[in-house]
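Working through the structure, step by step
Letter by letter, the chains look like this.
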Amino acid sequence: MKIKEIKVIVCNPGRNFVTVKIITDDGIYGIGDATLNGREMAVVTYLEEHVAPCLIGRDAQNIEDIWQYLYRGVYWRKGAVNMAAIAAIDMALWDIKGKVAGLPVYQLLGGKSRKAVTLYAHANGENVEHTLDEAERLIKEGFKAIRLQSAIPDLAVTYGVLGDKKDYFELQGDRPLPPEQEWSTQKYFNMIEDLFIKARARFGNNVELLHDVHSRLTPIESARLGKILEKYNLLFLEDASIAENQDNYKIIRQHTTIPLAIGETYNTIWDCKDLIQNQLIDYIRTAATHAGGITPMRRIADFASLYNVKTAPHGAPDLSPICFSAHMHLNIWAPNFGIQEFVGFGNDISKKIFKQDISVENGMAYVSEKPGLGIDFDEEEAKKHPYKRSYLPVCRLEDGTLWNW
Ligand code: EZ4
Ligand code: CO
């Protein structure tokens, strides 16, 4: 079964998605997600100019060899652009393998470890009360785990918060240049405990709560935050600090028992090897699209299982529904799966382009039983919504110093 054609399609049903379609000589095709938010066209060129020509004529069934060919065989290795491209090829090949076998991908991984996948939803608000009202709405919908993000008083914009003058990056509106946002650690600390005091007072202890710091704190500030929030029983604290230096998390770990999660920007197992091996984190949040596909996600999950680390894949709206489907197969299989981030399946246009049958009931997602990934891509519909340049924001401290967004 030879690879005959590789198409790369960019569409924008409200935000940009890069989709790869691999077509084999006997007519079976598979799809994968290669979306790299704010750098989409770099991956498109990389795929079209550098990856596709090397794969035409190769046996589509040799997923592992093709993965190694694109990773080990490239000399430069790693990198966000490279790994997003490899990821999409890998997902598409798993999709094809499932279709050939007549089995959903999770069966090829080893079958189900659970009946459904627990999700966490996002509650975000213009202030603490508004955030908690949003959380209540989600709890009534049946969600068992909620991520709380509230706007910080006296800061113009806060990560993860939708509102009047608040620029919610997820929507990727008209942004031909990166917007700039401000950060103040002091103002954040003035607000954050109140959010969780009031959340526990209002909802009790029967709902899981989470929070994403989005890398705004230094390790010692993260340690301080962990100590403050420990008593509110968070399922995890996400991206407290950057861990390019993986030893950073030793500092946090030495001071607090709050469970720690990280990994949504990671490209390879090497980005989290020390964090996992030294048990400095509790959840690894790598995404199939940015960590090189299903093949390495499986390897990371198995490695993490040796060190009591659970998986909690990234589920932001800048990962296409194809990535979410890939995660569903990994999540239903992985014995050490923890929880899946979930922000819905996009708008109506997105649902017309990406067609799948995952059902969500009471905060749980049920995997597709169709052969392959169980998701299809409507090329004609996608063409009606072309690429629009758009960037993630850039963050600065109040004195103008560039900081982590
Ligand atoms: O900001 O994927 O947990 N989710 C997140 C995301 C990231 C976006 C950046 O493109 O932190 O929403
Ligand atoms: Co995050």
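Keep in mind that this is a model prediction, so the values were computed, not measured.

For the rest of this paragraph, the subject is the coordination of the cobalt ion (ligand 2). The coordination sphere of the cobalt ion (ligand 2) contains the protein donors Asp 212 (OD), Glu 238 (OE) and Glu 264 (OE), at a distance range of 1.9 to 2.2 Å. Angles of 24 to 177° at the metal separate the six donor atoms of the cobalt ion (ligand 2), which places the site in the irregular class. Each donor residue of the cobalt ion (ligand 2) lies on the same chain, and together they follow the pattern D-x25-E-x25-E. Taken together, the positions of Asp 212 in strand 7 (residues 208–212) and Glu 264 in the loop between strand 9 (260–262) and helix 9 (273–277) put the pair 52 residues apart, joining distant regions of the chain. The class of Glu 264 is buried, set by a relative accessible area of 10%.

This part is about the pattern of salt bridges. The tally for this structure, following the rule as stated, stands at 27 salt bridges. A salt bridge links Glu 369 to Lys 112; the shortest N-O distance between them is 2.9 Å. With Glu 369 in the loop between strand 15 (364–366) and strand 16 (375–377) and Lys 112 in the loop between helix 4 (105–109) and strand 4 (117–125), the pair connects residues that are 257 residues apart, well separated along the chain. In this structure Glu 369 comes out as partly exposed when scored by relative accessible area, which is 45%.

A few words now on the site of ligand 1. Taken together, 15 residues lie near ligand 1, and Asn 37, His 214, Glu 238, Glu 264 and Asp 318 sit nearest. At 2.7 Å from an oxygen atom of ligand 1 is found a side-chain nitrogen or oxygen belonging to Glu 264. Its residues placed into classes, the shell around ligand 1 shows five nonpolar, three polar and seven charged.

Turning next to the packing of helix 3 (residues 80–101) against helix 10 (residues 294–305). Helix packing geometry: the angle between the two helix axes and the distance between the axes. The contact between helix 3 and helix 10 brings their axes to 8 Å, and the two run at 95°. As far as their axial angle goes, helix 10 and helix 3 are roughly perpendicular. Between helix 3, through Asp 90, Met 91 and Trp 94, and helix 10, the contact on the second element is made entirely by Ile 294, Thr 295 and Arg 298. When the residues that make up the contact of helix 3 with helix 10 are grouped by side-chain class, the tally is three nonpolar, one polar and two charged.

About the cut-offs
Residues numbered from 1 in each chain as written. Chains lettered and ligands numbered in written order. Predicted model: local features only at pLDDT ≥ 70, side-chain atom pairs only at ≥ 80, totals over all residues. Heavy atoms only, no water. Donors = N, O, S within 2.8 Å, 3.2 Å for Na, K, Ca; no water. Tetrahedral: all angles 85-135°; square planar, octahedral: opposite > 155°, others 65-115°. Helix = DSSP H or I, 4+ residues; strand = E, 2+ residues; numbered from the N terminus. Buried < 20%, exposed > 50% of the residue type's maximum accessible area, 1.4 Å probe, protein only. Salt bridge = Lys/Arg side-chain N within 4 Å of Asp/Glu carboxyl O. Near = heavy atom within 4 Å. Polar contact = N/O pair within 3.5 Å; in protein donor to acceptor, adjacent residues only side chain to side chain. Nonpolar A, V, L, I, M, F, W, Y, C, P; charged D, E, K, R; others polar. Axes fitted to C-alpha atoms, helices over the stretch in contact; angles between N-to-C directions. Parallel < 35°, antiparallel > 145°, perpendicular 65-115°, else oblique. Contact = heavy atoms within 4.5 Å.

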